[in-house]
Amino acid sequence: MAIVTSFERLSEEDKYQRFMERIEAGEKIEADDWMPDEYRMTLIKLIAMHGISEIMGALPEKEWVPKAPTLRRKLGIMAKVQDEMGHGQLLLRVAEDLMAPLGKTREEIMQDLFSGNLKFHNVFHMPAPTWGDAGLIGWLVDGAAIITQTNMLDASYGPYARALKRICAEEVFHAQHGESIILALAEGTKEQKEMLQGALNRWWDALLMFFGPDSPSTTGTSKQDITIKYRIRTKTNEQLRQDFFTKYVPRILSIGLQLPDETMHYDETEGKWIYRQPDWNQFKEIIRNNGPKSKERLRLRELSYRHNAWVREALSGSKATV
Ligand SMILES: [Fe+2]
Ligand SMILES: [Fe+2]
């Protein structure tokens, strides 16, 4: 005979209220706990996109593994690529547990990526034509990722918060690896300095877009507000972008680089950075897989997914989806 707990006897409304009380008390929600559909769906979307972006994010740097200028740099960038793939695996496992009660599998995440239903982060649609770009990705893209991810270290969903703890610790190494490349170029020849400035100019808008558009937080209906409502994160896109400026603008200037935005300044009275907005229509196009490297990288991912089907078959004991 099935045992019906007092919680199960509650109405949906009362369950929701209990759930919100737990969230507001700072309790962690675990995979087997009752959760509203909106919370589950928000987490699946967020974590699947995060996980898949880690995997797609390995591709621009992977191109630089054979071309890194020294053995030391090659080992560094190779270890970083490996870490990013590990982050992807860790996160897809978290997403998988959330999807299971809906009868959905992890395979579907990859299929959604290939069909264009699941988007990956705008920065990973961009080219990395020089060694300066490879360094800049580590320094500023991973730097931006640290800012958004540390904001979720205390996320209400326990499995995500725990995965992020490990991921953030490794991201700090990535940022240091990037910074080391950047500092070497900044102290190098005129050509190296120009290469670095060129990479910053190329990446500036993508870095601004990294945090996403500022949302109309007053409407209370945007996705951004849902993540804040459920205490998955605490800061808005714009607050995170401002944190990024506060941390990195002084560093960029201190190594002799110029900001690609001549209007940029800190407004003391408003207490925030004033900057030129990137083209948000272009952002939408990029994440719709119409960025400069979108198609090429998706093809590459699909190819390795097909080539590695035998590994999934060996591990699961059943025929893998290709
Ligand atoms: Fe990562
Ligand atoms: Fe990283």
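Please refer to the structure placed before this passage.
Here the structure is a predicted model, which is why all the values come from computation and not from measurement.

Draft legend 1. Examining the overall build of the chain more closely. For the chain, the count of helices and strands is 12 helices and 2 strands. For the chain, the succession of helices and strands along the chain, N to C, is α-α-α-α-α-α-α-α-α-β-β-α-α-α. The C-alpha radius of gyration computed for the chain amounts to 21 Å, which stays within 12% of the reference 20 Å derived for 322 residues, consistent with globular compactness. Taken across its 322 residues, the chain has 48% of its residues classed as buried.

Draft legend 2. Geometry of the coordination of the iron ion (ligand 2). At this site the iron ion (ligand 2) is bound by E84 (OE), D142 (OD), E171 (OE) and H174 (ND1), with donor distances of 1.9 to 2.2 Å. If you look at the iron ion (ligand 2), its 4 donor atoms make angles of 88 to 161° with each other, and the shape they trace is irregular. Along the chain, the residues donating to the iron ion (ligand 2) fall in the pattern E-x57-D-x28-E-x2-H. Separating the iron ion (ligand 2) from the iron ion (ligand 1) is a gap of 3.3 Å, which E84 spans by donating to each of them. One end of the pair, E171, and the other, H174, are both in helix α6 (residues 158-186), 3 residues apart, so they sit about a helical turn from each other. Looking at E171, the relative accessible area reads 2%, which means it is buried. Classification of H174 as buried rests on a relative accessible area of 2%.

Draft legend 3. Just the pattern of salt bridges, in detail. Per the stated rule, a full pass over the model turns up 23 salt bridges. The partner of R22 in a salt bridge is E27, and the shortest N-O contact between them spans 2.7 Å. Its relative accessible area of 25% is what places R22 among the partly exposed residues. For E107, the salt bridge identified is with R312, shortest N-O distance 3.7 Å. Linking E107 in helix α4 (residues 106-115) with R312 in helix α12 (residues 309-316), this pair joins segments that are 205 residues apart in sequence. For R312, a relative accessible area of 18% gives the class buried. Here the salt bridges share partners, and the residues they tie into one network are E61, K80, E84 and D142.

Draft legend 4. Region of the structure containing the coordination of the iron ion (ligand 1). At 2.0 to 2.2 Å from the iron ion (ligand 1) lie its protein donor atoms, namely E54 (OE), E84 (OE), H87 (ND1) and E171 (OE). Bound by 4 donor atoms, the iron ion (ligand 1) shows angles of 88 to 139° at the metal and therefore irregular coordination geometry. Sequence spacing among the residues donating to the iron ion (ligand 1) works out to E-x29-E-x2-H-x83-E.

Draft legend 5. Spotlight on the nonpolar core. If you look at the biggest cluster of nonpolar residues, it comprises 89 residues, and the most contacted ones within it are Y39 and Y157. Each residue touching Y39, except ones within four places of it in the same chain, is listed here: F19, I23, I29, S156, Y157, Y230 and I232.

Draft legend 6. Broad picture of the side chain of E54. Counting through the fold element by element, E54 comes out in helix α2 (residues 37-62). No salt bridge forms around the buried E54; measuring N to O, its nearest opposite-charge neighbour K80 is 7.5 Å away. Setting aside residues no more than four positions away along its own chain, E54 makes contact with E84, H87, G88, L91, Q149, I167 and E171.

Draft legend 7. How the structure looks around the environment of L183. By the element assignment, L183 lies in helix α6. Since its relative accessible area comes to 35%, L183 is described here as partly exposed.

Draft legend 8. Local environment of the packing of aromatic side chains. Counted under the stated rule, the structure contains 18 aromatic pairs. Taking the centre distance of 6.2 Å and the plane angle of 25° together, the rings of W204 and F245 count as stacked. With W204 in helix α7 (residues 190-210) and F245 in helix α9 (residues 237-254), this pair connects stretches of sequence that are 41 residues apart. Taken as a pair, W204 and F245 share a single burial class, namely buried. When the ring of Y266 is compared with that of W273, the centres are 5.2 Å apart and the planes differ by 70°; the resulting orientation is edge-to-face. Judged by relative accessible area, W273 falls into the buried class, the value being 13%. Aromatic rings pair up to connect W139, W204, F210, F211, F244, F245, Y248, Y266, W273 and Y275 into one cluster.

Draft legend 9. Highlighting the packing of α2 against helix α11 (residues 294-307). Look at α2 against α11: their axes get within 10 Å of each other, and the N-to-C directions meet at 110°. When the interaxial angle is binned, α2 and α11 end up roughly perpendicular. Only R297, L298, L300 and R301 of α11 make contact with α2, whose side of the interface consists of I55, M56, L59, P60 and K62. For the contact of α2 with α11, the residue count by class is 6 nonpolar, no polar and 3 charged.

Draft legend 10. Inspection of unusual backbone geometry at higher detail. The backbone of R231 sits at a positive phi, close to 55°, despite the residue not being glycine. Examined against the element boundaries, R231 turns out to sit in the loop between α8 (223-229) and α9. Residue N289 is not a glycine yet carries a positive backbone phi of 70°. Checked against the element boundaries, N289 lands in helix α10 (residues 280-290).

The rules we used
- Here the residue numbers are simple positions, counted from 1 along each chain's written sequence.
- A letter from A marks each chain and a number from 1 marks each ligand, given out in the order of writing.
- Per-residue local features are limited, in this predicted model, to residues with pLDDT of at least 70; the limit for side-chain atom pairs, both in listing and counting, is 80 or more; totals at the level of whole chains, interfaces and linings are taken over all residues.
- Side-chain measures were taken over the full set of non-hydrogen atoms in the model, leaving aside hydrogen atoms and water.
- Segments assigned H or I by DSSP are reported as helices when at least four residues long, segments assigned E as strands when at least two residues long, and all are numbered from the N terminus.
- Here the radius of gyration uses the C-alpha set of atoms, whereas the globule reference equals 2.2 Å times the residue count to the power 0.38.
- Partly exposed residues are those whose accessible area sits between 20% and 50% of the maximum for their type, while under 20% is buried and over 50% is exposed, using a 1.4 Å probe and protein chains only.
- Coordinating N, O and S atoms are those within 2.8 Å of the metal (3.2 Å for Na, K and Ca), and as water is not part of the atoms, a site may appear to have fewer donors than expected.
- Square planar and octahedral assignments, for four and six donors respectively, both demand that opposite donors be over 155 degrees apart and that all other angles lie between 65 and 115; tetrahedral needs four donors with all angles between 85 and 135 degrees, and anything else is irregular.
- When a carboxyl oxygen of Asp or Glu is within 4 Å of a side-chain nitrogen of Lys or Arg, the pair counts as a salt bridge.
- Throughout this description, the term nonpolar core refers to a set of buried Ala, Val, Leu, Ile, Met, Phe, Trp, Tyr and Cys residues connected via side-chain atoms within 4.5 Å.
- Note on contacts: a residue pair is in contact if any heavy atoms of the two residues lie within 4.5 Å.
- By the counting rule applied here, Lys and Arg register as positive and Asp and Glu as negative, while His and the ends of each chain are not counted.
- In this scheme Phe, Tyr and Trp rings, the latter by its six-membered ring, pair at centre separations within 6.5 Å, and the angle between planes marks the pair as stacked below 30 degrees, edge-to-face above 60, and tilted otherwise.
- To define axes, lines are fitted to C-alpha atoms, for helices over the stretch in contact only, and angles between the resulting N-to-C directions are given on a 0 to 180 degree scale.
- Angles below 35 degrees are treated as roughly parallel, those above 145 as roughly antiparallel, those between 65 and 115 as roughly perpendicular, and all remaining angles as oblique.
- Gly is placed with the polar residues, together with every amino acid not listed as nonpolar (Ala, Val, Leu, Ile, Met, Phe, Trp, Tyr, Cys and Pro) or charged (Asp, Glu, Lys and Arg).

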